[in-house]
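Chain residues, written in single-letter form:
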Amino acid sequence: MENQNSGQEQNTTVEITENSNQKNTKPDNNNTADNTENNKAAKKSKSKKPDKKKRTARYYIFESIRMVVMIAALCVFTYSSYELTNIYLDYQEGDDAYANMEDQFLVPNIEVSDAEEPETDMYGNKISAGTAVAEFSFDFDALLQVNSSAVGWIKQDNIISYPIIQGMDNTYYLSHNAAHQSNKSGAIFVDYRVEGGLEARNCIIYGHDMLNNSMFGSLIKYGSESYYQSHKTFDIYVGHDLYRYYVFAAYETDEVGYTYTYNFNTDEEFQAYIDDCMGRRLYGTDIGTNVSVNDKIITLSTCTRHDDTKRFIVQLVRGEKVEQ
């Protein structure tokens, strides 16, 4: 009995041991899952290292390019600012020079009412009871002292007011004002080849199209008929004499062509030229077609802002002489 029990105990022990071994060899799902995740993380970590290096290289390349672009943009901005400043200063210098020149011909026009006694200021100086207005009083001889090549003066309200020069070529006054000062605004000048100047049948006058509308910058506005309706005339001093000129044509043309004809051997040639101008104009004017071979005309020419090979033309016909 004891032997049998001992055998049974041994068998039981063996079974327990086997069961224990089986239990110990049974896979632990939790540990396996953890190990799998750790392995994946390790692999992921290893795989990221090369990407990080590549991303860092790309980052520095991108930053370098961005820095170069920013520096280039800054250089362009600085240069543009410099150029714009120079242009502004040139414009201002040109405007100031002509304003000073015009001031020589401004005289006070004082109208005093006879019914009122002049008042006095705090210092006892008499004050006119009327209105003091500076009027333009042209002195051709005084202008000749500034520039001996002057032939007159062109005025239109407060828009255009410049001396007219006729030099020895068509280049000098592109970069020099009427006082011989170097300036990008240049001067208003007659084509040097036109014999008789402002007294010629067709006097061609050039002027820059300045972006601030100084010089002949306002002429391109004649592309609109409504502008013409408000600006139909020019006052032009021819030597000592003042004449009212009337706009009869405005149009765009080539920089070289029939429009710039200044010599006419016969009346028929001049009439053909007038007819051609009438056919080119953008709209009709109050003058209609009442321009004849007995008239004197002026062709004002300036650049356009969209094509370097084109010019904008405003043509005038001489009207009545104005008493000064």
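Residues numbered from 1 in each chain as written. Predicted model: local features only at pLDDT ≥ 70, side-chain atom pairs only at ≥ 80, totals over all residues. Heavy atoms only, no water.

This part covers the overall build of the protein. Each helix and strand counted, the protein has five helices and twelve strands in total. Within the span of the protein, comprising 324 residues, buried residues form 33% of the whole. When contacts within the protein are restricted to residue pairs at least 6 apart in sequence, those whose partners lie at least 24 apart make up 61%. As displayed, the protein has an accessible area near 20300 Å², and 51% of this comes from carbon and sulfur atoms. (Helix = DSSP H or I, 4+ residues; strand = E, 2+ residues; numbered from the N terminus. Buried < 20%, exposed > 50% of the residue type's maximum accessible area, 1.4 Å probe, protein only. Contact = heavy atoms within 4.5 Å. Areas by Shrake-Rupley, 256 points an atom, 1.4 Å probe, with all protein chains shown as cover.)

Here eleven bridges tie strand 10 (residues 241-254) to strand 12 (residues 310-322), and the two strands are oriented antiparallel to one another. Residue pairing for strand 12: Ala 249 is matched across the bridge by Gln 315. Connecting strand 11 (residues 297-303) to the next strand, strand 12, in antiparallel fashion are six residues. (Pairing = 2+ DSSP bridges.)

One finds Ile 154, Ile 205, Tyr 222, Phe 234 and Leu 300 to be the most contacted residues of the largest nonpolar core, which totals 67 residues. It is strand 10 that provides the largest number of residues to this core, a total of eight residues. Ignoring anything within four residues of it in the chain, the contact list for Phe 234 reads Ile 154, Lys 155, Gln 156, Ile 160, Leu 219, Tyr 222, Tyr 243, Arg 244, Tyr 245, Val 247, Leu 300 and Leu 316. (Core = buried A, V, L, I, M, F, W, Y, C linked by side-chain atoms within 4.5 Å.)

Once that is clear, we can look at the confidence of the model for the protein. In this model, the protein carries an average pLDDT of 80, and 69% of its residues clear a pLDDT of 70 or more. Within the model, the stretch residues 112-116 combines pLDDT values under 50 with three contacts to residues more than four positions away or in other chains. (pLDDT = per-residue confidence, 0-100.)

A few words on a nonpolar patch on the surface. On the surface, Ile 61, Ile 65 and Val 69 cluster together into a nonpolar patch covering about 290 Å² of accessible area. If you trace the backbone, Ile 65 turns up in helix 2 (residues 29-103). Among the residues examined, Ile 65 registers a relative accessible area of 52% and is labelled exposed. (Patch = residues over 30% accessible without salt bridge, like charges linked within 9 Å, V, L, I, M, F, W, Y side chains within 5 Å. Salt bridge = Lys/Arg side-chain N within 4 Å of Asp/Glu carboxyl O.)

What follows covers helix 5 (residues 267-280). Helix length check: helix 5, at 14 residues, gives a terminal C-alpha distance of 20 Å against a target of 20 Å (1.5 Å per residue), a fit within 8%. Among the residues of helix 5, those classed as buried are Phe 270, Tyr 273, Ile 274, Cys 277 and Met 278. The buried residues of helix 5 all sit within an arc of 140° when viewed along its axis, so they share a single face. Residues of helix 5 that are exposed and angled more than 90 degrees away from the buried face: Glu 268 and Gly 279. Buried residues along helix 5 sit in contact with strand 8 (202-206), strand 10, strand 11 and strand 12. (Expected span 1.5 Å × (residues − 1). Arc of directions from axis to C-beta.)

Okay, the sheet that holds strand 7 (residues 188-190) next. Taken in spatial order, the eight strands line up as 5-6-7-8-11-12-10-9 and close into a barrel, and their pairing is mixed. When strand polarity is set aside, the average angle formed by the axes of neighbouring strands in this sheet is 30°. Relative to strand 11, strand 8 runs parallel, the two sharing five bridges. Note on strand 11: the bridge partner recorded for Asn 202 is Ile 297. Sheet strands in contact with helix 5 are strand 8, strand 10, strand 11 and strand 12, and its direction is about 65° off that of strand 10. (Axes fitted to C-alpha atoms, helices over the stretch in contact; angles between N-to-C directions.)

A side chain of one charge can pair with a side chain of the opposite charge if their charged atoms are brought near each other. Using the criterion set out here, one finds eleven salt bridges in the structure. Here Lys 310 and Asp 254 are joined by a salt bridge, their closest N and O atoms 2.6 Å apart. Taken together, the residues Lys 310 in strand 12 and Asp 254 in strand 10 connect sequence positions 56 residues apart. Exposure remark for Lys 310: the relative accessible area of 24% places this residue in the partly exposed category. Asp 276 is the partner of Arg 280 in a salt bridge, and the nearest nitrogen-oxygen pair spans 2.5 Å. With a gap of four residues between them, Arg 280 and Asp 276 both fall in helix 5, about one helical turn apart.

Before going further, it helps to spend a moment on the packing of aromatic side chains. Within the structure shown, the criterion is met by 17 aromatic pairs. Where Phe 136 meets Trp 153, the ring centres are 5.3 Å apart and the plane angle is 45°; that geometry is what we call tilted. Taken together, the residues span a long stretch of sequence, with Phe 136 in strand 4 (residues 131-136) and Trp 153 in strand 5 (residues 150-156) at a distance of 17 residues. The exposure classification of Phe 136 matches that of Trp 153, with both residues buried. Ring centres of Tyr 206 and Tyr 260 lie 6.2 Å apart, and the angle between their planes is 20°; this geometry places the pair in the stacked category. Taken together, the residues span a long stretch of sequence, with Tyr 206 in strand 8 and Tyr 260 in the loop between strand 10 and helix 5 at a distance of 54 residues. Each member of the pair, Tyr 206 as well as Tyr 260, carries the same accessibility label: buried. The rings of Phe 136, Phe 138, Phe 140, Trp 153 and Tyr 237 are connected pair by pair, giving a single aromatic cluster. (Phe/Tyr/Trp six-rings, centres within 6.5 Å; stacked < 30°, edge-to-face > 60°.)

A few words on the side chain of Ser 301. On the secondary structure map, Ser 301 appears in strand 11. A polar side-chain atom of Ser 301 sits 2.7 Å from a polar atom in the side chain of Tyr 260. Among all residues touching Ser 301, those that are not within four sequence positions of it are Ile 205, Tyr 206, Gly 207, Phe 216, Tyr 260, Arg 311, Phe 312 and Ile 313. (Polar contact = N/O pair within 3.5 Å; in protein donor to acceptor, adjacent residues only side chain to side chain.)

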